[in-house]
Each structure stands twice: as C-alpha cells, then as structure tokens.
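This is what each chain is made of:
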Amino acid sequence: MDRYAVLGYPIGHSKSPIIHQQFAKQTKQALSYEAIEVKPEVFSATLEDFFHAGGKGVNCTVPLKELAFEKVAQLTERAQFSGAVNTIKLMDDGTLLGDNTDGVGLLTDLCVNLGLSLEGKRLLVLGAGGAARGILGPLLGAKPSALFLANRTASKAEAMEALFASVGHITPTSYEALSDHQFDLIINATSASLNDALPAINAGLLAANGVCYDLAYSEQPTAFVRWGLDEGARLSVDGRGMLVEQAAHAFKLWRGVMPDTAQVLESLK
Ligand code: ATR
C-alpha cells in the first residue's frame, strides 16, 4: 500500500489523517496516511528515512514548512513564492517535488465553499509571517481593489510588498494606521490564535456585509472569529475549510484525482 504522512511538531491535534483517509476511501485509492511527530532538528533525517522506506509523499506543517522548502530538489512556482512547502511528492526519477497548496486551499474555501467574490473588494491580511506569505499570491490573483497587510513588525510587511511586487500591489501598514479604513474581508494570518489572543485591531474595520476568516482552526471559535462576530460580520469562520481544500490539492498532486471535499467538510463540523 502506498504510504503518506503529515509531519509536524506537535502533531497530535492534526485532522489530516482523517481527511486523507476519507479521500482515499471515496476515490477508491489504496493508501495509508499517518501523523508523525518530527522535531525540526531531525526533520531532514526523518524525511530521508520515510522516502527510503518506500514512502510516496508527505505533508509538512508547523514548524517544518520552511525546512521542507530547503530540502526538496524542485519547487512549483506557488511554493517558490510562498517560501514554504506543505506538500512533497516523490517523483518517478527519485527526486522530491515541493508544492504549497495553502493558498489555493484558502481561495477555494472562500470562493467556492463560501461563495465570495474577491474581485474589486478591499482585503486586509493581519500578520506577515510564513502563513501570510503562503496566501498573498493567490489573494492578489483574485484581483481585489486593495490588499492591506498589517503587522506589528513593520519591516516584515514591507518585505512582503517588495516580494510580491511582480504579482500585484500590497499596502503595508501598522495596526494603528488602519483606523480610517474599512475592509470587505479581513483574514487573520497571525499566530496569535494559537494562544487564543488577538492582534491589536480596533473596532470598526469591517465594512457592512464584511467577512472575517481565521487561517487557524480550533474546536472552539478562535478569538478572531469571536471578534468578527462581535463586529457584526456577515460570516466569521475559522480555517477548517482551507485545511480540507489544501489537503484535496495535495491528494490531487499525489494521486492525480481530485476528491470531493463537501462530504469531508461536513463530517468535520
Ligand atoms: P506563521 O508561520 O504561523 O506565520 P511566523 O512566521 O512566526 O508564524 O509569523 C507569525 C506572525 O504572527 C507574525 O506576523 C507575527 O507578528 P510579528 O512579525 O510582528 O512578530 C504575528 N503575531 C504573532 N502573535 C501576535 C500577536 N499577539 N499580535 C499581533 N501579531 C502577532
């Protein structure tokens, strides 16, 4: 049976095994998919062992995506822009291909599952770390009228503006400077949710009918999802839809078949 895994640290909470096992069943693919806890210092050796033992592909999650980017022989264009790899595939010639399906996963959740159109809309992304970098390219590709990027550390938001200049325009900003603006969609890409904390966002940033989206997900509504609801968001959701959609694109890369995500999403609710 072809073997796949998600590597991360910690990994105990991962829903990826359940998602991929459901995809396999649904598409009648014979494969196994497990979660393996891997500390960054042993990532390289663990990855080599996994593929030497016959493994076909892995997903990498926090904090291994940047290490995975360094480790693979070839990168897809979207992985190159992301500076991070969440999906590795063993190619026929024995080399490793790195992809990043996070951005397309988010866009699919926003535009297909939630039925949003981003064209001509004003977007705000909070945070300018690895998670933000993975989604900025696809968000710019959706042709918003503005994409603001707020971060505590100004230099990181400015670096993203420069990095994506060939794709589209990003306006780097501080949290304080946002008070005169309103947005149709606010995406939380900070790691604050992991501590049930909120970035320093003021009230009144959300336009009428606005939507809030937290890339993080948890059993209880995250602090940012709760903020969105308090601000009167039409929709304020966490990132479980993105999780399922990024998994589907990884599955497609490995197996050549796109699974149906609707039933899997339903089963995670
Ligand atoms: P990830 O891969 O999850 O993006 P990261 O690259 O370490 O992790 O980036 C974390 C992001 O969350 C950064 O943008 C960080 O802001 P700084 O660059 O100013 O450090 C942001 N972040 C984390 N905790 C935050 C908090 N409590 N308030 C605001 N921003 C926060």
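See the structure printed just above.
Values in this document were obtained by computation on a predicted structure and should not be read as measured data. (Residues numbered from 1 in each chain as written. Predicted model: local features only at pLDDT ≥ 70, side-chain atom pairs only at ≥ 80, totals over all residues. Heavy atoms only, no water.)

Notes on the overall build of the protein
The helix and strand inventory of the protein stands at 10 helices and 12 strands. Compactness check: the protein gives a C-alpha radius of gyration of 18 Å against a globular reference of 18 Å for 269 residues, within 12% of the reference. Principal-axis analysis of the C-alpha atoms gives the protein an extent of 55 × 35 × 30 Å. Here the protein holds 269 residues, and 50% of them are scored as buried. Within the protein, contacts between residues separated by at least 24 positions form 65% of all contacts whose residues are at least 6 apart in sequence. As presented, the protein carries roughly 12100 Å² of accessible surface, and 51% of it is formed by carbon and sulfur atoms. (Helix = DSSP H or I, 4+ residues; strand = E, 2+ residues; numbered from the N terminus. Rg over C-alpha atoms; globule rule 2.2 N^0.38 Å. Buried < 20%, exposed > 50% of the residue type's maximum accessible area, 1.4 Å probe, protein only. Contact = heavy atoms within 4.5 Å. Areas by Shrake-Rupley, 256 points an atom, 1.4 Å probe, with all protein chains shown as cover.)

Quick notes on the sheet that holds strand β6 (residues 96-99)
Where strands meet in a sheet, backbone hydrogen bonds hold them as pairs that are either parallel or antiparallel. The strand order across the open sheet formed by 6 strands is β2-β1-β3-β5-β6-β4, and the pairing between neighbours is mixed. With partners counted over all chains shown, the strands left at the sheet margins are β2 (31-37) and β4 (74-75), one partner each. With 4 bridges connecting them, strand β1 (residues 2-8) and strand β3 (residues 57-60) associate as parallel partners. The residue bridging Y4 from the neighbouring strand is G57, located in β3. Along the sheet, helix α1 (residues 16-27) contacts β1, β2 and β3; its crossing angle with β2, the most-contacted strand, is approximately 175°. (Pairing = 2+ DSSP bridges. Axes fitted to C-alpha atoms, helices over the stretch in contact; angles between N-to-C directions.)

Description of the pairing of β3
Across the two faces of β3 the burial is the same, with G57 and N59 and V58 and C60 all buried. Sheet topology places β3 next to strand β5 (residues 87-90); 3 bridges connect them, and they run antiparallel. Bridge pairing in β5 links G57 to K89.

Looking at the site of the ligand
Taken together, 13 residues lie around the ligand, and A131, N151, R152, T153 and K156 are the ones closest in. Here an oxygen atom of the ligand and a backbone polar atom of S191 are 3.1 Å apart. Here the ligand has 640 Å² of accessible area as a free molecule, and 72% of this is covered by the chains. Its residues assigned to classes, the shell around the ligand comprises 4 nonpolar, 7 polar and 2 charged. (Near = heavy atom within 4 Å. Polar contact = N/O pair within 3.5 Å; in protein donor to acceptor, adjacent residues only side chain to side chain. Nonpolar A, V, L, I, M, F, W, Y, C, P; charged D, E, K, R; others polar.)

Some thoughts on the pattern of salt bridges
Scanning all chains against the criterion turns up 8 salt bridges. Residue D102 pairs with K65 through a salt bridge whose shortest N-O separation is 2.8 Å. Taken together, the residues span a long stretch of sequence, with D102 in helix α5 (residues 102-113) and K65 in helix α3 (residues 65-71) at a distance of 37 residues. Here D196 ties to R226 by a salt bridge, and the two come within 3.4 Å at their closest N and O atoms. Highlighted residues: D196 in the loop between β10 (183-188) and β11 (206-214) and R226 in helix α8 (residues 223-230), separated in sequence by 30 residues. (Salt bridge = Lys/Arg side-chain N within 4 Å of Asp/Glu carboxyl O.)

Quick look at the packing of α5 against helix α9 (residues 240-255)
Where α5 meets α9, the axes come as close as 7 Å, and the angle between the chain directions of the two elements is 120°. Considering their axes alone, α5 and α9 lie oblique with respect to each other. The interaxial crossing formed by α5 with α9 has right-handed handedness. Counted together, D102, V104, G105, L106, T108, D109 and N113 of α5 and G241, M242, E245, Q246 and H249 of α9 form the full contact between these two elements. In terms of residue class, the contact of α5 with α9 is built from 3 nonpolar, 6 polar and 3 charged. (Parallel < 35°, antiparallel > 145°, perpendicular 65-115°, else oblique. Left-handed = near helix turned anticlockwise from the far one by under 90°.)

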